[in-house]
Amino acid sequence: MDFKPNYPIYLQVADFICEKLLKNEWRNGDKLPALKDLAVTTSVNPNTVIKALGFLVDHNILNTQRGVGYFMTDNARAITLELKRKQFIDEVLPDVFSSMDLLGLGLYDLTKIYEERRPASVKAPAGSAT
């Protein structure tokens, strides 16, 4: 993992798990890899992984089965989408809007740039609404 400065590592581990879910690499109900495997994969101390897992349990993204492990909840993807969208709106967009204002960019400019950068596989067919 590439760590971001000034952002708690346990939240970066939680983000890593959420990203796996949002990319459909892990699905609702799936069992997570063992704690030690997650620690090795993310290159962090197992205690940090435990803190990240606790955060996700607190947000109903994961549940635990004693002696078995951690599992994605049945609605983990929907909860994750809601949580990450709120985080994006509250934490990322204000800086984007400030930069847009400073640079004189409007919604039209942003939409055009966004459409140019989207991979062809996710672009809407001609004539359809995006």
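Worth saying up front: this structure is predicted, and the values here are computed from it rather than measured.

I'd love a proper account of the pattern of salt bridges, names of residues and values included.
Within the structure shown, the criterion is met by five salt bridges. Put simply, E25 and K20 hold a salt bridge, and the shortest N to O gap is 2.9 Å. Of the residues examined, E25 reaches a relative accessible area of 43% and is grouped as partly exposed. Judged by its relative accessible area of 23%, K20 is partly exposed.

Give a description of unusual backbone geometry that names residues and reports values.
Although it is not a glycine, N6 sits at a positive phi angle of roughly 65°. Turning to its location among the elements, N6 is positioned in the segment before helix 1 (9-22). Classification of N6 as exposed rests on a relative accessible area of 84%. Of note in the backbone geometry, S43 takes a positive phi value of approximately 60° without being a glycine.

I'd like to hear about a nonpolar patch on the surface, residue by residue, with values.
Taken together, the side chains of L102, L103, L105 and I113 define a hydrophobic patch exposed on the protein surface, amounting to about 420 Å² of accessible area. The class of L105 is partly exposed, set by a relative accessible area of 35%.

So what's going on with helix 1? Which residues, and what values?
In this model helix 1 runs 20 Å from its N-terminal to its C-terminal C-alpha over 14 residues, within 8% of the 20 Å that 1.5 Å per residue would give. All of the buried residues in helix 1 are L11, Q12, V13, A14, D15, I17, C18 and L21. Buried residues in helix 1 make contact with helix 2 (35-42), helix 3 (46-58), strand 2 (69-72) and helix 4 (76-103). Where helix 1 ends, the next residue or the one after it, N24, has phi of about 65°, a positive value.

Just give me the short version of helix 4, but keep the residues and values in it.
Here helix 4 is 28 residues long and its end C-alpha atoms lie 38 Å apart, about the 40 Å a rise of 1.5 Å per residue gives. The largest bend in helix 4 amounts to roughly 45° and is located at V92, with the proline P94 lying one to four residues further along. Inspection of helix 4 places A76, I79, T80, L93 and M100 among the buried residues, and these make up the whole buried set. Those residues of helix 4 hidden inside the fold are in contact with helix 1, strand 2 and helix 5 (107-117). Note on helix 4: the residue one or two positions beyond its end, G104, has a positive phi of about 70°.

I'd like a rundown of the layout of surface pockets, residues and numbers included.
Quantified by volume, the largest pocket comes out at close to 620 Å³. In terms of lining, the largest pocket is formed by 19 residues, of which the most central are K4, D15, F16, E19 and K84. Those elements that provide at least two residues to the lining of the largest pocket are helix 1 and helix 4. The element best represented in the lining of the largest pocket is helix 4, accounting for seven residues. Partitioning the lining of the largest pocket into residue classes produces seven nonpolar, two polar and 10 charged.

Any chance you could break down the packing of helix 1 against helix 4 for me, citing the residues and the numbers?
One can describe the packing of helix 1 onto helix 4 by two numbers: an axis separation of 10 Å at closest approach and a directional angle of 120°. Between helix 1 and helix 4, the angle is such that the two are oblique. Our pair here, helix 1 against helix 4, has a crossing hand that is left-handed. Counting all contacts with helix 1, which are made through D15, C18, L21 and L22, the residues of helix 4 involved are A76, R77, T80, L81, K84 and Q87. Partitioning the contact of helix 1 with helix 4 into residue classes produces five nonpolar, two polar and three charged.

Calculation criteria
Residues numbered from 1 in each chain as written. Predicted model: local features only at pLDDT ≥ 70, side-chain atom pairs only at ≥ 80, totals over all residues. Heavy atoms only, no water. Salt bridge = Lys/Arg side-chain N within 4 Å of Asp/Glu carboxyl O. Buried < 20%, exposed > 50% of the residue type's maximum accessible area, 1.4 Å probe, protein only. Helix = DSSP H or I, 4+ residues; strand = E, 2+ residues; numbered from the N terminus. Patch = residues over 30% accessible without salt bridge, like charges linked within 9 Å, V, L, I, M, F, W, Y side chains within 5 Å. Areas by Shrake-Rupley, 256 points an atom, 1.4 Å probe, with all protein chains shown as cover. Expected span 1.5 Å × (residues − 1). Contact = heavy atoms within 4.5 Å. Bend = angle between axes of the 7 residues up to and from the residue. 1 Å grid on protein atoms, 1.4 Å probe; cavity = no way out; pocket = protein on both sides within 12 Å on 5 of 7 lines; lining within 4 Å. Points joined across faces, edges and corners; volume = space filled by probe spheres on them. Nonpolar A, V, L, I, M, F, W, Y, C, P; charged D, E, K, R; others polar. Axes fitted to C-alpha atoms, helices over the stretch in contact; angles between N-to-C directions. Parallel < 35°, antiparallel > 145°, perpendicular 65-115°, else oblique. Left-handed = near helix turned anticlockwise from the far one by under 90°.

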